[in-house]
Amino acid sequence: MAKEVYDPPLPWTGEIAAPLVLFRGKVRPEWIDSFEHVNIAHYLTICDHANWAFWNWINHPEGTMEARAGHEYVIVENHVHYIDELALGTPIHVETQFLGFDDKRYVLFHRVFKTEGNVLAATNEVKCLGFNLTERRPERWRPFVGERLEMIQRAHAGLETPDQAGQGIALKRR
């Protein structure tokens, strides 16, 4: 299995868009299934590109795992809404909204769009946990990361909470 290729880190400038667009690309051949569209697992792959772009961005100039010396994050919860098909080569972008954080966790909400026509294809809500790879345990955000999360929270405070946020899975209609 080929290793997933991620974009180089974007520099932290202190300018915070609301929402953020930190990942743009095209649907790759390795994401396509037998039905000739993106396989359900690869919607998460697309959103993981946005997760990784966000993490590298807020850690700039320490935009690599080596530079961070084991101070990373892990994903502890995910929820995806599949809304529209994505075909091979389709230009896409992910809008990322910051929903909140505490001293060890944060929640992001991603919207995957077909860039042409700005058509919503999927949403993904993700909870991330600060994690020390050396000690193999959760840890608090490093101070500068916590400060940047606070800045992002302020910048995104005026955004409306997405309808799909916090829903989870249920059999009854909402």
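Values in this document were obtained by computation on a predicted structure and should not be read as measured data.

Draft legend 1. Structural detail: the overall build of the protein chain. Regarding its fold elements, the protein chain presents three helices and six strands. Sequence-ordered secondary structure for the protein chain, helices as α and strands as β, is β-α-α-β-β-β-β-β-α. A globule of 174 residues ought to have a C-alpha radius of gyration of about 16 Å, and the protein chain, at 16 Å, matches this closely. Over its C-alpha atoms, taken along the principal directions, the protein chain stretches across nearly 45 × 40 × 30 Å. Relative to its 174 residues, the protein chain shows a buried fraction of 40%. Long-range pairs, those at least 24 residues apart, make up 69% of the contacts in the protein chain between residues at least 6 apart in sequence.

Draft legend 2. Quick look at the packing of helix α1 (residues 40-58) against helix α3 (residues 143-156). Contact geometry for α1 and α3: axes closest at 10 Å, N-to-C directions at 115°. Each of F54, W55, W57 and I58 in α1 lies in contact with α3, whose residues at this interface are F144, V145, R148, L149 and I152. Per-class residue counts for the contact of α1 with α3 are eight nonpolar, no polar and one charged.

Draft legend 3. Up close: the nonpolar core. Core analysis: the largest hydrophobic core is formed by 19 residues, its most contacted members being F54, W57, I58, Y106, L149 and I152. Among the elements of the structure, β1 (20-26), α1, β4 (105-114), β5 (119-132) and α3 are those that each provide at least two residues to this core. Here this core takes five residues from α1, the largest share from any one element. In contact with I58, not counting residues within four places along its chain, are W12, F144, V145, R148, L149 and I152. Counting 14 residues, the second-largest nonpolar core is a separate cluster that includes F23, V38, A50 and A122.

Draft legend 4. Local environment of the pairing of strand β3 (residues 91-101). The buried fraction of β3 is high, at eight of 11 residues. Summarising the sheet, β1 and β3 pair through six bridges and their orientation is antiparallel. When the sheet's bridge partners are listed, K26 is paired in β3 with P91. Relative to β4, β3 runs antiparallel, the two sharing nine bridges. From the neighbouring strand, F101 faces β4, where its bridge partner is Y106. Following β3, the chain reverses through three residues before pairing antiparallel with β4.

Cut-offs applied
- Residues numbered from 1 in each chain as written.
- Predicted model: local features only at pLDDT ≥ 70, side-chain atom pairs only at ≥ 80, totals over all residues.
- Heavy atoms only, no water.
- Helix = DSSP H or I, 4+ residues; strand = E, 2+ residues; numbered from the N terminus.
- Rg over C-alpha atoms; globule rule 2.2 N^0.38 Å.
- Buried < 20%, exposed > 50% of the residue type's maximum accessible area, 1.4 Å probe, protein only.
- Contact = heavy atoms within 4.5 Å.
- Axes fitted to C-alpha atoms, helices over the stretch in contact; angles between N-to-C directions.
- Nonpolar A, V, L, I, M, F, W, Y, C, P; charged D, E, K, R; others polar.
- Core = buried A, V, L, I, M, F, W, Y, C linked by side-chain atoms within 4.5 Å.
- Pairing = 2+ DSSP bridges.

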